[in-house]
Amino acid sequence: MDKSNRQLKAGAIISYLAIGVNIISGLLYTPWMIRTIGQDNYGIYTLASTLINMFLIDFGISSAVSRFVSMYNAENNQKKVDDFLGMIYKLFAVLSGLVFVALVVVYFFIDGIYIALSPEELEKFKVVYIIAATYSVISLPFATTLNGVLTSYEKFIPLKLCDLLYRIVSILLVTLALVMGYGLYALVTANAAAGLLMITVKLIVLRRRTPIKVNFRYFNMGHLREIFSFSIWVTVSSIAGRLIMNVTPSILGITASAAAIAIFGAATSLEGYTYTFSCAIDGMFMPRVSRIVHGDNNIRNVSPLMNKVGRIQFALIGLLLIGFIVVGKEFVLLWLGEQFSQVYACAILLMLPAPFYLSQQVAKTTVVVANKVKLQAIVNIVKAVVNVILAFVFSCLWGALGACISICISYFIRTIGMSIIYHKVLDLDIISFCKECYLKMCAPMLMILGIGLALNYVVPAHTWAMLGAKALLVTILYFGLMWLMTFNRFEKDLIAGMIKGVLPKALRR
């Protein structure tokens, strides 16, 4: 196994470990955190975070970093990398200033925007907004750029270790702050402190583990035009994407209440686990796809990699979706309580499109490498417009549930639109992918879903122990049927290798 494959495999394992830590922490401390600060305060925290995220638009520069650095590395041209990054950091300095001005302007209009919030909630929201906005402006030049550079140099182990460390440090700091009775404001400050620490660690890794020597003196107008011709459409796509999860709490703040925002926030947290689980290896194939596209000069050669990775992703996300449909209602009641019962239906609606879209991550990476991001942007614009229109209508009728219905519809529109681009424009064999991935793997998934739903009528789970046992049983049945009916030799060898790596030697004899 070469060094690149070792980094890729180890990075993926660490990513899934980090996700495990995130899920366990969510089970253990999120309900306690909500009880400690209160449901309304949790809604305010969610609202402030999503509002600020709408302004953290990097104008496609972070995607440009991943694409161009990977391309220059494929060409073995370190000088271009150093010159490129020098210009990128200067662009980010200007961008941070613009974001700061925008956030200041928005601050003075908060009272007129969130009319559904009480005066006391508005005052809390303003303080949280100031803390989170300050951190966001400081971190903007580094947060995504460092990830892109480390990915391009295939430094997956230190990158994913940083992600794992961030989750652990963030949990520890938040827990300490709340135990000491500092409340909502300390929660936001602790998350910001953990983020700044990880940026520092990544800068140290970049300095010591890569040959980069940023040339801050470099500036070339032709190079700048090349960057912006790519990044402008990534920007449009990013803005459109923010009109989904980040704008929906604001819509609920206008049409519903802080409690509805809290329900939506809890549902998006659960959906976020699904997305994070899939995206544990997202972007890690950028260098490999770049070598295929720029080396072989034939995008269609990406199709075998897409099929191989897509089947694994579809199987994993399918397990999460089916498992949640089976045990999710009981899980939500045990986790958050009866007042959050609507989270179950909301989370299912948010998760439903995930197996079909997130299994196409390699194709999504190819869109960036091949510089077809304009078409991706158009799809995301359609998705965003549909979501905003439907969210206003549906949330007036059904609150958080209506907002989730609008997101589900708009996500399926995106998946269909991107599949057409992969097939018609990139010439990827999407028909073969659908047959190998969706058609061949859906039968055992539906069988397990039926068994799981029937199991709910026979064995209801009223305790965490019963819930865990039921989830374990569904998982064993799922992989058993998939092994017998669907998994190919590569996938069976992969699972067998992972089991051998986890089990002690004595148990393997």
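The rules behind each value
Residues numbered from 1 in each chain as written. Predicted model: local features only at pLDDT ≥ 70, side-chain atom pairs only at ≥ 80, totals over all residues. Heavy atoms only, no water. Helix = DSSP H or I, 4+ residues; strand = E, 2+ residues; numbered from the N terminus. Buried < 20%, exposed > 50% of the residue type's maximum accessible area, 1.4 Å probe, protein only. Areas by Shrake-Rupley, 256 points an atom, 1.4 Å probe, with all protein chains shown as cover. Salt bridge = Lys/Arg side-chain N within 4 Å of Asp/Glu carboxyl O. Contact = heavy atoms within 4.5 Å. Core = buried A, V, L, I, M, F, W, Y, C linked by side-chain atoms within 4.5 Å. Polar contact = N/O pair within 3.5 Å; in protein donor to acceptor, adjacent residues only side chain to side chain. Phe/Tyr/Trp six-rings, centres within 6.5 Å; stacked < 30°, edge-to-face > 60°. Lys NZ or Arg CZ within 6 Å of the ring centre and 35° of its normal. pLDDT = per-residue confidence, 0-100. Disulfide = S-S within 2.5 Å. Expected span 1.5 Å × (residues − 1). Bend = angle between axes of the 7 residues up to and from the residue. Axes fitted to C-alpha atoms, helices over the stretch in contact; angles between N-to-C directions. Parallel < 35°, antiparallel > 145°, perpendicular 65-115°, else oblique.

**A short note on the overall build of the protein chain**
Right, on to step 1. Check the secondary structure of the protein chain and you find 22 helices and zero strands.
Right, on to step 2. The buried share among the 509 residues of the protein chain stands at 53%.
Right, on to step 3. Roughly 22,500 Å² of accessible area belongs to the protein chain as shown, and the carbon and sulfur atoms make up 68% of that amount.

**Considerations on the pattern of salt bridges**
Right, on to step 1. Counted according to the given criterion, the structure contains six salt bridges.
Right, on to step 2. D111 serves as the salt-bridge partner of K126, at 3.2 Å between the closest nitrogen and oxygen. On the criterion of sequence distance, the pair formed by K126 in helix α6 (residues 119-152) and D111 in helix α5 (residues 110-113) is long-range, its members being 15 residues apart.
Right, on to step 3. On the basis of relative accessible area, D111 is assigned to the partly exposed category, the value being 43%.
Right, on to step 4. Two residues, K470 and E330, come together in a salt bridge whose shortest N-O distance is 3.1 Å.

**Quick word on the side chain of T486**
Right, on to step 1. Take T486: it is sitting in the loop between α20 (464-485) and α21 (489-502).
Right, on to step 2. Residue classification places T486 among the buried positions, given a relative accessible area of 11%.
Right, on to step 3. Residues within four places of T486 in sequence aside, it is in contact with R311, K440, M441, P444, L481 and E491.

**A look at the nonpolar core**
Right, on to step 1. Of all hydrophobic cores here, the largest spans 133 residues; its most connected members are F84, L270 and F324.
Right, on to step 2. Per element, the largest residue contribution to this core is 16 residues, and it comes from helix α13 (residues 303-335).
Right, on to step 3. Discounting chain neighbours no more than four positions away, the residues touching F324 are L270, K329, F331, V332, Y344, A347, I348 and M351.

**With respect to the side chain of T366**
Right, on to step 1. Along the chain, the position of T366 falls in helix α16 (residues 361-369).
Right, on to step 2. Among the polar contacts listed, one links the side chain of T366 to the backbone oxygen of V362, at a separation of 2.8 Å.
Right, on to step 3. Each residue touching T366, except ones within four places of it in the same chain, is listed here: V289, I299, V302 and L426.

**Topic: the packing of aromatic side chains**
Right, on to step 1. The final tally for this structure, using the stated rule, is 17 aromatic pairs.
Right, on to step 2. Between the aromatic rings of F314 and Y438, the centroid separation amounts to 5.0 Å while the plane-to-plane angle is 55°, which identifies the pairing as tilted. Taken together, the positions of F314 in helix α13 and Y438 in helix α19 (residues 430-458) put the pair 124 residues apart, joining distant regions of the chain.
Right, on to step 3. Under the relative-accessibility criterion, F314 is labelled buried at 1%.
Right, on to step 4. Here F356 and F412 contribute two aromatic rings whose centre-to-centre distance is 6.2 Å and whose plane-to-plane angle is 45°, an arrangement assigned as tilted. One end of the pair, F356, is in helix α15 (residues 354-358); the other, F412, is in helix α18 (residues 400-424), with 56 residues separating them in the sequence.
Right, on to step 5. Overall, the relative accessible area of 27% leaves F356 in the partly exposed class.
Right, on to step 6. One aromatic cluster in this structure is built from F314, F356, F412, F433 and Y438.
Right, on to step 7. Against the face of F490 rests K308, its NZ or CZ located 4.7 Å from the ring centre.

**Points about the confidence of the model for the protein chain**
Right, on to step 1. For the protein chain, the average pLDDT comes to 79, and 86% of its residues sit at 70 or higher.
Right, on to step 2. Across the protein chain, the secondary-structure element scoring lowest on mean pLDDT is helix α22 (residues 505-508), at 43, and the one scoring highest is helix α14 (residues 343-351), at 91.

**Some points on the state of the cysteines**
Right, on to step 1. Summed over all chains, the structure comprises zero disulfides.
Right, on to step 2. With no disulfide of its own, C404 lies closest to C346 among cysteine sulfurs, the gap being 3.8 Å.
Right, on to step 3. Judged by its relative accessible area of 0%, C404 is buried.

**Thoughts on α19**
Right, on to step 1. Under the 1.5 Å per step criterion, the end-to-end length of α19 is 41 Å for 29 residues, consistent within 8% with the ideal 42 Å.
Right, on to step 2. At C442, α19 shows its largest bend, some 40°, and a proline, P444, comes one to four positions later.
Right, on to step 3. Of the positions making up α19, those classed as buried are I430, F433, C437, Y438, M441, P444, M445, I448, L449, G452 and N456.
Right, on to step 4. Buried positions along α19 lie against α13, α15, α18 and α20.

**Structural notes on unusual backbone geometry**
Right, on to step 1. Look at D427: it is not a glycine, yet its phi comes out positive at around 65°.
Right, on to step 2. Structurally, D427 can be placed in the loop between α18 and α19.
Right, on to step 3. For D427, a relative accessible area of 41% gives the class partly exposed.

**What about the environment of V201?**
Right, on to step 1. Locating V201 in the fold gives a position in helix α8 (residues 184-209).
Right, on to step 2. We classify V201 as partly exposed; its relative accessible area is 26%.
Right, on to step 3. In this structure the C-alpha to C-alpha distance between V201 and C162, which are 39 residues apart in sequence, comes to 7.4 Å.

**Digging into the environment of I407**
Right, on to step 1. Here I407 shows up in helix α18.
Right, on to step 2. Remark: the alpha-carbon pair of I407 and A391, spanning 16 residues in sequence, is separated by 7.6 Å.

**Structural notes on the packing of α14 against α18**
In a packed pair of helices, the relevant descriptors are the angle between the two axes and the axis-to-axis distance.
Right, on to step 1. Running from N to C, α14 and α18 point in directions that differ by 10°, and their axes come no closer than 8 Å. Here α14 is positioned roughly parallel relative to α18, judged by the angle of their axes. Together, A345, C346, L349 and L350 of α14 and A400, L401, C404, I405, I407, C408 and Y411 of α18 make up the contact between the two elements.

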